[in-house]
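Per-entry structural report
What follows is each chain in one-letter form.
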Amino acid sequence: MTLTKADESLPAGAARDDRSHRRAALKAAGPRGSARRRRTGGRKTYRLWFALPAIALVAFFFAIPFVANGILSFTKWTGFSSVIRFTGFDNFTSLMSLGILGHATLVTVLFALITMVVQNVVGLSLAKALQHTDRVNSVFRSLFFIPVLISPLAAGYIWAAILAPNGPLNGFISLFVPGFDFSWLGQPSSALLLVGFIDGWKWSGLVTLVYIAGLNSINRSVVEAAVLDGASGWRRFRSIEFPLLAPAFTFNTVLTLVGSFSALDVIFATTKGGPGDATSVLNVAVFNQYGQGLFGTSSALSFMIALLVMITAVPLIWWLRRREVHA
Amino acid sequence: MSNITWVTGRPRLAGRVRYVVLAIVAIPWVVLPFWILLVNSFKTESEASTPSVWLPQHWAVLDNFGTVITQGQYFTGLRNSLLVAIPVVLGVLILGSMAAWTFARTSSRWLRGAYYVMALSIVLPPAIVPTVVLLTRAGLTGSELGYILALLGTRVGVIVFLTTGYIRALPIDFEEAAQIDGANRWQVYWHIILPLLRPILFTAAIMTVINVWNDFLFALYMIKGAANATLPLTLYNFANAGQYGVRWNLVFAHVILTSLPLLIAYIVLQKRILSGLTEGGVTG
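Here the structure is a predicted model, which means the values were calculated and not measured.

A few words now on the overall build of chain B. What chain B contains, in helices and strands, is 14 helices and 0 strands. Element order for chain B, N to C, with α for helix and β for strand: α-α-α-α-α-α-α-α-α-α-α-α-α-α. Relative to a compact globule of 284 residues, whose C-alpha radius of gyration would be 19 Å, chain B shows 24 Å and is clearly more extended. If you line up chain B on its principal axes, its C-alpha atoms span 75 × 70 × 30 Å. Counting only residues that meet the buried cut, chain B has 43% of its 284 residues in that class. For chain B, the proportion of contacts with a sequence separation of at least 24, taken over those separated by at least 6, is 73%.

Have a look at this one:
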């Protein structure tokens, strides 16, 4: 109340100055400050209580299973015996010699890369096209967001029908190439490419929104200065907007990579890991081992996903963060 | 508008061309896949066995959707999905923002550590097999309760991470003023913190709803029996029930019914959802 009075009698700037002075004075007052801290020390226990439910949930259902998974990767542990014993790297070497570990890791990395490229290329192009908020762009934005809402399982079924040998895609191609009946999901190379594409298709609406937010947070005067300097549209995008989009790029890349390392749904709806094992990503292999009661090797494969995330995502975040520029 | 044309330096015709190009992209990308989903869900089994973009020759709408509801256990799935999604979404929003308040205002090294573990839980993949074993030991496997707890534990981290950053940017003065006026901690949280968090929690809620409603991975491992199955699991079981390959008409009818609750919510709230996601804290 006194403050509003001060605002009336004094210029606004003066009132603000007065407040910041008071805050500085409070900071400088040593003894009073520490007394205040001691009092807040009493509050802390109660505040700890506020965090406890979330901490307990994360501890029991994320942290402990995660650590347990790391340990169990090095044990012989099956559904047929209650004895769990340490066997060192046996799980990994046997999975390696069975050709599961190396293959599943490679397939997972390729799947994640395809997904990431699809999402970022599509997301960035759409964001560039739909950057400004007007009525038509809003309609397109909400249209392109629809695939994000449906489950990856549903996305898988829709595309499995479109890509079926007797499906609409081949029907369309047959107009130009009579009798075309390529089995898109039945050939190893195209199957992996397409399941990655389907996952990218499902999420690119969200990636688009993140890029739109990133583009709109760029200071307009920087872009306008480039226009005055005669920079072309492509040059403006490459030299100004793209570098300034780095935070959005970091967010999208890391999240899509991490998400697609543990993908399963799209593949279960389309190829179930096939043809052969062409689309058997790590999580499909985890499920197969688990289904056979081989919990130890299942944990080892699951641990491999965690390793993949740690050796790619962490350096990636560090590297991308370093590239970020602010304006 | 005039500003934009000045920056791009192009006449209005270019804008029209852009819309045409966008429409040409949007048709195969979004419109056709959903059109194919819709028309083939109206067809008879034999007609849908060759999925196409054409309208059905024989309409079998009631048959297909009726079969999904009776044999596909649609309403059981819907009830279970609601039974899971509502407590999980409310739970992560409330427990997450409560914890975030603590993390934002604390100087305790232990709590800092707990906060980093929560941030890690967003990026690191969940360890499902040990979680299932843990739930089995606790006698919680197969039912919704264990599934709900596992979802809470793996989804609360994002909310904590987003809201902690948000609260740190809020001035502490409101809380202190309320405390001096005699409000207890719960009242401060409920009447001061929670209302201030509304924008970020709305954004977080959208992402959590989409994520939890569509979860298949956890449900596959943690839910046993058709009576407990959530919608994605009923869809999966139903799609694999056909003896002679996939019955597209029925699978598509199930996909439509499974996605319908979120699609309806999206149609009603789309403006707020899209602006929440473009202006909200997703970019961090």
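Along chain A, the regular secondary structure elements total 15 helices and 2 strands. Here chain A, with 327 residues, has 42% of them falling under the buried criterion. When contacts within chain A are restricted to residue pairs at least 6 apart in sequence, long-range pairs at least 24 apart make up 72% of them.

It is worth spelling out helix H13 (residues 231-239) of chain B at this point. The buried count for H13(B) comes to 8 of 9 residues, which makes it a mostly enclosed element. Residues of H13(B) that are buried: B:Leu231, B:Pro232, B:Leu233, B:Thr234, B:Leu235, B:Tyr236, B:Phe238 and B:Ala239. Against the buried residues of H13(B) lie helix H7 (152-162) and helix H13 (265-270) of chain A together with helix H5 (74-105), helix H12 (217-222) and helix H14 (248-279) of chain B.

Before going further, it helps to examine the nonpolar core. Residues A:Ala54, A:Tyr157, A:Ile158 and B:Ala99 are the most contacted members of the largest nonpolar core, which totals 167 residues. Per-element accounting of this core gives the leading share, 15 residues, to helix H9 (residues 188-216) of chain A. If sequence neighbours within four positions are ignored, A:Ala54 has contacts with B:Leu95, B:Gly96, B:Met98, B:Ala99, B:Val156 and B:Val160.

Every contact between the two is made by 73 residues of chain A and, on the other side, 74 residues of chain B. With 20 residues, helix H3 (residues 30-72) of chain A is the largest single contributor of residues to the side of chain A that touches chain B. Residue composition of the side of chain A that touches chain B, grouped by class: 56 nonpolar, 12 polar and 5 charged.

What follows is about the domain arrangement of chain B. Residue and element names in this part refer to chain B. Along its sequence, chain B is organised into domain 1 (2-62) and domain 2 (65-283). With 12 residues of domain 1 at the interface, the matching set in domain 2 holds 9 residues. Among the elements of the structure, helix H2 (12-41), helix H3 (45-48) and helix H4 (61-70) are those that each provide at least two residues to the side of domain 1 that touches domain 2. The element that contributes the greatest number of residues to the side of domain 1 that touches domain 2 is H2, accounting for 3 residues. Classifying every residue of the side of domain 1 that touches domain 2 by side-chain character gives 6 nonpolar, 4 polar and 2 charged.

Our next topic: the confidence of the model for chain A. All names here are of chain A. Across chain A, the average pLDDT comes to 80, with 84% of residues at 70 or higher. Within chain A, no element has a lower average pLDDT than helix H1 (residues 2-9), which sits at 36, and none a higher one than H7, at 93. Per-residue pLDDT stays below 50 along residues 1-45; that stretch engages in 9 contacts with residues further than four places along the chain or on separate chains.

Attention shifts here to unusual backbone geometry. If you check the backbone angles, A:Lys272 has positive phi at about 55° while not being a glycine. Mapped onto the elements, A:Lys272 comes out in the loop between H13 and helix H14 (282-291). On the basis of neighbour count, A:Lys272 is assigned to the partly exposed category, with 13 C-beta atoms found within 10 Å. Positive phi is not limited to glycine here, since B:Gln73 has a value of about 55°. Tracing the backbone shows B:Gln73 in the loop between H4 and H5. The class for B:Gln73 is buried, based on 21 C-beta atoms found within 10 Å.

Attention now moves to the environment of A:Ile305. Along the chain, A:Ile305 falls in helix H15 (residues 295-323). For the pair formed by A:Ile305 and A:Leu185, sequence separation is 120 residues and the distance between their alpha carbons is 24 Å. Excluding its chain neighbours within four sequence positions, the residues that come into contact with A:Ile305 are A:Phe261, A:Ser262, A:Leu282, A:Asn283 and B:Pro125.

Two elements in contact, helix H6 (residues 135-149) of chain A and H14(B), have axes whose closest approach is 11 Å; the angle formed by their N-to-C orientations is 140°. Taken together, the axes of H6(A) and H14(B) are oblique relative to one another. As for the relative orientation of H6(A) and H14(B), their crossing is right-handed in sense. Only B:Ser259, B:Leu262, B:Leu263, B:Tyr266, B:Gln270 and B:Leu274 of H14(B) make contact with H6(A), whose side of the interface consists of A:Arg141, A:Ser142, A:Phe145 and A:Leu149. The class makeup of the residues in the contact of H6(A) with H14(B) is 6 nonpolar, 3 polar and 1 charged.

Criteria and cut-off values
- In every chain, residue numbers begin from 1 and rise along the written sequence.
- Think of it this way: whatever chain is written first is A, whatever ligand is written first is 1, and the rest follow in order.
- Local features in this predicted model are restricted to residues whose pLDDT is 70 or higher, and side-chain atom pairs enter the listing and the counts only when it is 80 or higher, whereas totals over whole chains, interfaces and linings include all residues.
- Secondary structure counts use DSSP, requiring at least four H or I residues in a row for a helix and at least two E residues in a row for a strand, with both numbered from the N terminus.
- Between the two quantities, the radius of gyration covers C-alpha atoms and the globule rule is 2.2 Å times the number of residues to the power 0.38.
- Labels follow a simple rule on C-beta atoms placed from the backbone: if 20 or more others lie within 10 Å of a residue's own, it is buried; if 12 or fewer, it is exposed; otherwise it is partly exposed.
- By definition, residues are in contact whenever their C-beta atoms, placed on the basis of the backbone, come within 7 Å of each other.
- The nonpolar core is taken to be a set of buried Ala, Val, Leu, Ile, Met, Phe, Trp, Tyr and Cys residues joined by way of C-beta atoms within 7 Å.
- Each residue gets one label: Ala, Val, Leu, Ile, Met, Phe, Trp, Tyr, Cys and Pro are nonpolar, Asp, Glu, Lys and Arg are charged, and the others, such as Gly, are polar.
- The domain limits used here are those given by an automatic or database domain assignment.
- Confidence per residue, as judged by the predictor, is encoded in pLDDT with a range of 0 to 100.
- Angles shown run from 0 to 180 degrees and are taken between the N-to-C directions of axes, each axis being a line fitted to C-alpha atoms and, for helices, limited to the stretch in contact.
- Note on terminology: angles under 35 degrees are roughly parallel, angles over 145 are roughly antiparallel, angles of 65 to 115 are roughly perpendicular, and the others are oblique.
- Note on convention: the crossing is left-handed when the near helix lies turned anticlockwise from the far helix by less than a right angle, right-handed when the turn is clockwise.

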